[in-house]
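Residue-level structure breakdown
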Amino acid sequence: MAQRLKAPGLVGELAAEFAGTAILILFGVGVVAQVAASGTGEFDSIAWAWGLGVTLGVYVAGRISGAHLNPAVTVALAVFKGFSWRKVMPYALAQTAGAFVAALIIRWNYSEVLSRFDPGLTSKSQGVFSTMPGAGVSEWGALRDQIIGTAILLFLVLAVTDARNSLPAGNLAPLIVGLIVVAIGMAFAANAGYAINPARDFGPRLASFLTGYETAFQDTSGYPYFWVPIVGPLVGGVIGAGLYELIIGRFLPSEDELEPGALDTETVTVPAEPARV
């Protein structure tokens, strides 16, 4: 295999973020379609498939882009880890595009099952693609839930990918990150469906809207709910990363830094500039 001689540049990073996020959504939205619309599997299937989707997506993108796969991760790394701010919006757009395309594939693949389960394409099956508040949970309660869930996610992701901390051996960090998502799903799904990722929610939501779900941007009461799983994770991610730095990060011994904003899911053998394009 030819040795890579130079960093892939921004185009390569965006391609990796697109592909990694698409893998995440193919497994995540795919399993919800299978469980909700066809009755194959149960909630545990959903939690595990989302976690495995994250693991596989991180393995796909980790070497090239750092495998953020989530705008909340990208923003938090820009705030606390030196990730280039000029890359934040391109990364977020690539992540959302990957989620959108993957959701279109699931929508197409499960079109017959979804039509049989919910001929009117209503909120009955909208949850296959995007999140909504649980029964009796207000929009503000769902926002609180998303802030808390994403704060936990970023706190733990930084803990297991910080080169100064005790890293998982043998390139197992992607697996551990996936298990973090499984744990969050099993503990924090009831209130708002644990989106904890603006791209994961908005990309499939847009895909469902463009393919017949007229109320995709609303909850069952008609409230324009779509902003909650965008704002909540962005706020929660910064809070979680900040808490990690405050409680853990500042007490760890210093080490040669990795590329700013890159999760240490792979051993980086080619140094790269912080703002390469």
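These remarks concern the structure in this document. Just so you know, these numbers come straight off a predicted model, no measurement behind them.

1. Observations regarding the environment of Phe-251
Along the chain, Phe-251 turns up in the segment after helix H10 (228–247). A C-alpha to C-alpha distance of 9.8 Å links Phe-251 and Arg-164, two positions 87 residues apart in sequence.

2. Looking at the environment of Val-29
Along the chain, Val-29 falls in helix H1 (residues 9–38). Its relative accessible area of 0% is what places Val-29 among the buried residues. Excluding anything up to four places from it in sequence, Val-29 contacts Trp-50, Ile-106, Val-128, Phe-129 and Pro-204.

3. Some details on helix H4 (residues 88–109)
Here H4 spans 32 Å end to end across 22 residues, near enough to the 32 Å set by a 1.5 Å rise per residue. Along H4, the residues that are buried comprise Val-88, Tyr-91, Ala-92, Ala-94, Gln-95, Gly-98, Ala-99, Ala-102, Ala-103, Ile-106 and Arg-107. Where the residues of H4 are buried, they touch H1, helix H2 (43–65), helix H3 (71–80), helix H5 (111–117) and helix H9 (198–210).

4. Topic: unusual backbone geometry
Phi is positive for Leu-69, which is not a glycine, with a value near 60 degrees. Along the chain, Leu-69 turns up in the loop between H2 and H3. Residue classification places Leu-69 among the buried positions, given a relative accessible area of 4%. Positioned with a positive phi, Tyr-194 is a non-glycine residue whose angle comes to about 45 degrees. Examined against the element boundaries, Tyr-194 turns out to sit in the loop between helix H8 (173–187) and H9. We classify Tyr-194 as buried; its relative accessible area is 8%.

Each value, and the rule that gives it
Residues numbered from 1 in each chain as written. Predicted model: local features only at pLDDT ≥ 70, side-chain atom pairs only at ≥ 80, totals over all residues. Heavy atoms only, no water. Helix = DSSP H or I, 4+ residues; strand = E, 2+ residues; numbered from the N terminus. Buried < 20%, exposed > 50% of the residue type's maximum accessible area, 1.4 Å probe, protein only. Contact = heavy atoms within 4.5 Å. Expected span 1.5 Å × (residues − 1).

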